[in-house]
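# Coordinate analysis (summary)
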Amino acid sequence: MEPDEDLNPDTDDLPLRANTNHILVRHYVLYLTVHFDRKVISGSAVLFLEPCSGVGTKVEDDTGHGAGEEAGTIEAGGSQDGSVCTFECVDTLEDGTKGAGKTATRMEKKFGARERGRDNPLALSEVGPQTAAEAENTQSSPSWETTSDGDFTLVLDCCDLDVSKVEEVDVTSVLATSSLHPEVASERSGVSLVNPQAASIQNLISMPCSRWRQQHQQYLLCSCAPGAQDGSSLHFYRDRWSLQVRKKGVSSPHEFPRALRIFYETRPTGGSVRWTKDQDDRVSVYTAGSPINNRALFPCQEPPVAMSTWQATVRAPSECTVLMSGEEQTEPIEDGDTRFLIWNYYVTMPMPASTFTLAVGHWCQVTAEIPPVSQLRDGADCGKTAELGAGPGEWTDAELVSGLGSSTSEAVQSSPIQTGSGDQTTRSDSAYWYSSLEDEGLSVTDYSGMVDDAISCSHGDYPCRFTERSARSQRVIPHRVFSPVCLLQKAQTGVLKLLPRCLAAAHAVLGVHPFPRLDVLIVPAGFSSLGMASPHIIFLSQSVLYDGSPGSREKGHSLCGSRLCHEIAHSWFGLVIGARDWTEEWISEGFATYLEDIIWAQAQQLSPQETAEQSDLKALLRWRRLSDELKNSEEMLQILRPNMENTGQVSESGSSTVKHALNPDKAFMQVHYLKGYFFLRFLASQVGEQQFINFFSLFVKKYHGQLILSQDFLRMLLITFPEMERKGLTLSAIYDDWLDRPGIPKWLYERSAVWSQARLVEEVKAEVVKWILLSQSHQGKGRKRKRIEPKVNYKEVTAEQLVMLLELLLEEDELSVGTMHALPRSYNLQDQDAEVRHRWCELVVKHAYSQAYRDVEHFLVHDQAMGVYLYGELMVQEDPEQQALACHCLSLVREEMDQSARRVVEEMVL
């Protein structure tokens, strides 16, 4: 297949080129340096490879699993959540390596390129009629065209990277001094290994999880080994979406080098990396969670089946903090240059490369007591741990969880931190926070019995927390919160206070926390969603922080709390259990949306009745959002399983295509969140909600560390609750009603009518009537005589009720100026959470209430994750003043906006 021959650059499909059925990356070692002056990350990636034991398209057997899911083809791990990975549809694609030699030769002759030195900018030769954009996306080593068509090609997913060199790593000297003696054969590959270096690396990859520390040390030593003795580079070619590597004379993946080093540099405009300024106007960079995931950060294998571990050494300016997916928080060390510090992270759980997350900036750790802003700005090192007194010494995990001390939060220094390793407990000098849950009034019931003592894991070999007794009772894992200086107070009163409650509630619902620690970062304003979950780290938008007065904070944290619960739920559904096919985004987002309500209700300690009432109100709000979205979207984007019976299938090489991944409209759709949520509510209604939640724990125990398809979940559900099939709920019937067709199932229409009559909704309707009557009393008034305004007593409502109230008022064709004036005063709308303020801005735009245009401007500038829709509303009214407002707001935030959001807004406004 020619690299881009069958891809129209104007369409919205994204290729996954990696030939994962031939060879897999088992471990990455990254050496990265962050250059804020040039807005690039430079360095190298060392890849440790293992050939697959079988090649061929995976065909589903009668158990619902792919026949190719043996060791060496599919390993354990999870996939990222849809706010990180917005992949929507995977199609069958031709073998990504067929004809690659001929294609590369033709393109190399046509375009031309020459290799650059490690530290020099890539210089392209004359490109003739080729466009500049094409030239930027085409690179190769000078000898690429001399390789044979019969040589095996390693294909990696890659874009927006300047690759200077690819070399084989000579690990002979390292392995000669290690205990990894070469074996003559490898059980995993099934092929005799006459190459001692290949045999040694195979032994390194196959080390048991009990020796993971030694394994990572050996990976690190091998990654520092020199290039192959002959000094020649491997031949490489990079087109728009892939990096292809060959070694002359090597015709099969089993003969291919097992350790490669790729020297490269990112580009300032690469889609995986966001260079911006934070809310304090200080430079920062973070991985964007865009549709292309991490392929513009390092060459990798993007398909979810490419499970790997990684370790990274990140060199960044000394005043910055480096946060990353990693099982232990690192303390930075000096590298001899006082302007830079070095941060080291690692993971032991194999996961898709798309889950790798990095953030570098002037973040400050949120603590119980916030120092004066002037002190922080005048030289306090935000990246270093706050000094909060002497550590408690060797506290046990149980003592930490139960919350020693009298304050709401206790900083624990030098305390043992569980790594989920099965190895010895490690220590960290970083300050982690453990909530005193008794002080918060939260139940301290021991939930350790939720997981069997003799749990048997079905995933590949890695240090699994689900088998650790200490992890089972660890209700609140070590956690920290970071934000820019100007948001420290809001992050403290919101996120830091709520986080331990949400973690404990998630443990009560789902059991063992899959990851041993958690960082939460308030990301820059241009972040395009409310949150993004990755292993060990959550990104939160500033929009979830509450802006209200101190006296009303407790009530104003609903958005922040529910969003935290949503992202925490992704640790189980989206990360430790991932979708094997990215068309099934609902497996991640639908589950997290369903669980956020359950976990948040647990965190609030609501009674069963309060939980049910809150759940019904949220269901109605989501129903209204979904029905509106389905009216205004293409049918093909409304299907939860768009590949239907072909879901999970890939080409012979393992490559595939993701439909609609680059469609800018797709990024702002919530069908997979909402329709997936309602599908789970439907299933719960059939078996009983508590029984359904209990089933989640059973499912997690069985499938943690694995990739799944819809049928894995549904088959286990049908086996556990056989009465479902007796009611006609067969697998095919469920597919037909919920997963394989657009639109809304009949059950959802019927339930929405019930939710519309719920008590909390009826209260809102009564308030709406008062406002409509007030508006009508204002209409038709003369100006000669000032009339006394009628006094109306308005009921105090929750944030969700207020959202519903404003939505119902949006259905009114006309509201008087007096009503528009009274609304914000009655409910302090400017101080409410972002969901409420968004509805208020919609109301302002609809009724051209110019006195509140400042509220709209504030929202578009400070709540960019939610403001895209408002730009369309401002433009569709064809009001010159509103259109000028839209243009003005865009000019203020254009440079910091997410690229996909900016494209959508510019199409509407410009």
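Note on numbering: residues in each chain are counted from 1, in written sequence order. A pLDDT threshold of at least 70 governs which residues receive local features in this predicted model, and a stricter bar of 80 or more applies before side-chain atom pairs are shown or counted, although totals over entire chains, interfaces and linings include all residues. Side-chain metrics in this entry use all non-hydrogen atoms of the structure; hydrogen atoms and water are not considered.

The helix count covers DSSP runs of H or I at least four residues long, the strand count covers runs of E at least two residues long, and both are numbered beginning at the N terminus. Counting secondary structure elements, the protein contains 27 helices and 29 strands. Buried means the residue's accessible area, taken with a 1.4 Å probe over protein chains only, is under 20% of the maximum for its type, while exposed means over 50%, and partly exposed covers the values in between. Across the 910 residues in the protein, those meeting the buried criterion constitute 63%. When contacts within the protein are restricted to residue pairs at least 6 apart in sequence, those whose partners lie at least 24 apart make up 77%. Only the protein chains shown count as covering a residue, and every accessible area follows the Shrake-Rupley method with a 1.4 Å probe. Within the structure as shown, the protein displays about 33,900 Å² of accessible surface, and the carbon and sulfur contribution to it stands at 49%. The contact definition used throughout considers only heavy atoms, calling two residues in contact when any of these lie within 4.5 Å.

Moving on to helix α20 (residues 759-778). Here a helix's expected span is defined as the number of its residues, less one, multiplied by 1.5 Å. Taking 1.5 Å per residue as the helical rise, α20 with its 20 residues ought to reach 28 Å, and the 30 Å between its terminal C-alpha atoms agrees with that figure. Regarding α20, the residues found buried are Leu760, Val761, Glu763, Val764, Glu767, Val768, Trp771, Ile772, Leu774, Ser775 and His778. Next to the buried residues of α20 lie α13 (608-631), α19 (746-755), α21 (799-810) and α22 (817-827).

Here we come to the sheet that holds strand β14 (residues 321-324). Backbone-to-backbone hydrogen bonds pair the strands of a sheet. The strands run either parallel or antiparallel. Should DSSP find at least two bridges between two strands, the strands are regarded as paired. Taken together, four strands build an open sheet; the order of strands is β11-β12-β17-β14 and the sheet is antiparallel. Every interior strand has two partners, whereas the edge strands, β11 (273-277) and β14, have only one. For this sheet the average axis-to-axis angle between neighbouring strands, irrespective of direction, equals 10°. Note on geometry: axes are C-alpha line fits, over the in-contact stretch for helices, and angles between N-to-C directions span 0 to 180 degrees.

Let us now look at the packing of aromatic side chains. Here a Phe, Tyr or Trp ring, Trp counted by its six-membered ring, pairs with any other such ring whose centre lies within 6.5 Å, and the pair is stacked when the planes are under 30 degrees apart, edge-to-face when over 60, and tilted otherwise. This structure, assessed with the given rule, holds 39 aromatic pairs. Consider the rings of Trp623 and Tyr749, whose centres lie 5.4 Å apart with planes at 75°: the pair is edge-to-face. Residue Trp623 is located in helix α13, and its partner Tyr749 is located in helix α19; the two are separated by 126 residues in the primary sequence. Residue classification places Trp623 among the buried residues on the basis of a relative accessible area of 12%. By definition here, charges over rings are those cases where NZ of Lys or CZ of Arg is within 6 Å of the ring centre and within 35 degrees of the ring normal. Arg315 extends its terminal NZ or CZ atom over the ring of Phe340, reaching a point 4.0 Å from the ring centre. Over the aromatic face of Tyr703 sits the side chain of Lys702, whose NZ or CZ is 5.3 Å from the ring centroid.

Our focus in this paragraph is the sheet that holds strand β6 (residues 154-157). The four strands lie next to each other as β5-β8-β9-β6, forming an open sheet whose pairing is antiparallel. Bordering the open sheet on either side are β5 (139-140) and β6, each of which pairs with just one other strand. Direction of pairing for strand β8 (residues 235-238) relative to strand β9 (residues 242-246): antiparallel, over a ladder of four bridges. By the bridge assignment, Tyr237 is partnered in β9 with Gln244.

For the pair helix α15 (residues 689-703) and helix α16 (residues 710-720), the least separation of the axes is 11 Å and the interaxial angle reads 125°. The angle between α15 and α16 falls in the class oblique. When you trace α15 past α16, the crossing you get is right-handed. In contact with Phe692, Phe695, Phe696, Leu698, Phe699, Lys702 and Tyr703 of α15, α16 contributes Asp712, Phe713, Met716, Leu717 and Thr720. When an angle is under 35 degrees it counts as roughly parallel; over 145 it counts as roughly antiparallel; between 65 and 115 it counts as roughly perpendicular; any other value is oblique. Two helices that cross are described as forming a left-handed crossing if the nearer one is turned anticlockwise from the farther one by less than a right angle, and a right-handed crossing if clockwise.

Now for the pattern of salt bridges. A pair is scored as a salt bridge if a Lys or Arg side-chain nitrogen falls within 4 Å of a carboxyl oxygen belonging to Asp or Glu. A complete count under the given rule lists 30 salt bridges for this structure. The closest approach of N and O atoms between Arg622 and Asp597, which form a salt bridge, is 2.5 Å. Here the residue Arg622 occupies a position in helix α13, and Asp597 occupies one in helix α12 (residues 586-604), the gap between them amounting to 25 residues. Given the relative accessible area of 8%, Arg622 is considered buried.

Let us now look at the pairing of strand β7 (residues 161-168). With eight of its eight residues buried, β7 lies for the most part within the structure. For β7 and strand β10 (residues 259-266), the ladder comprises seven bridges, and the chain directions are antiparallel. Along β10, the bridge assignment pairs Asp162 with Glu265.

Spanning 12 residues, helix α11 (residues 558-569) covers 16 Å between terminal C-alpha atoms, matching the ideal 16 Å at 1.5 Å per step. Burial analysis of α11 places 12 of its 12 residues in the buried class, the great majority of the element. The complete set of buried residues in α11 reads Ser558, Leu559, Cys560, Gly561, Ser562, Arg563, Leu564, Cys565, His566, Glu567, Ile568 and Ala569.

Extensive coverage of strand β24 (residues 518-522) is indicated by the burial of five of its five residues. By the alternation rule, side chains of β24 split into Leu518, Val520 and Ile522 and Asp519 and Leu521, which are all buried. With helix α9 (residues 488-510) bridging strand β23 (residues 479-483) and the parallel β24, this β-α-β connection has left-handed handedness. Pairing of β24 with strand β26 (residues 537-540) involves four bridges; the strand directions are parallel. Bridge pairing in β26 places Asp519 opposite Ile537. When the strands point away from the viewer, a crossover counts as right-handed if the path from the first strand over the helix to the second runs clockwise.

A word on the environment of Leu204. Within the secondary structure, Leu204 sits in helix α4 (residues 196-205). In sequence terms Leu204 and Gln214 are 10 residues apart; their C-alpha atoms lie 9.4 Å from each other.

For Asp281, which is not a glycine, the phi torsion comes out positive at approximately 65°. With respect to the element layout, Asp281 can be found in the loop between β11 and β12 (283-287). The phi torsion at Glu878 lies on the positive side, around 55°, for a residue other than glycine. By secondary structure assignment, the location of Glu878 is in the loop between α25 (868-876) and α26 (880-893). For Glu878, a relative accessible area of 65% corresponds to the exposed category.

Glancing now at the environment of Glu812. Mapped onto the secondary structure, Glu812 falls in the loop between α21 and α22. By relative accessible area, Glu812 is classed as partly exposed at 25%. With 40 residues separating them in the primary sequence, Glu812 and Ile772 have C-alpha atoms 8.3 Å apart. Those residues in contact with Glu812 that sit more than four places away from it in its chain are Ile772, Lys846 and His847.

Interpretation of this model should avoid reading the predicted coordinates in detail wherever pLDDT is low. A residue's pLDDT is the predictor's confidence in that residue, given on a scale from 0 to 100. Mean pLDDT over the protein stands at 80; residues scoring 70 or higher make up 76%. Note on residues 183-192: pLDDT under 50 across the span, and 23 contacts to partners over four residues away in sequence or across chains. Across residues 384-430, confidence stays below pLDDT 50; counting only partners more than four residues off in sequence or on other chains, it has 122 contacts.

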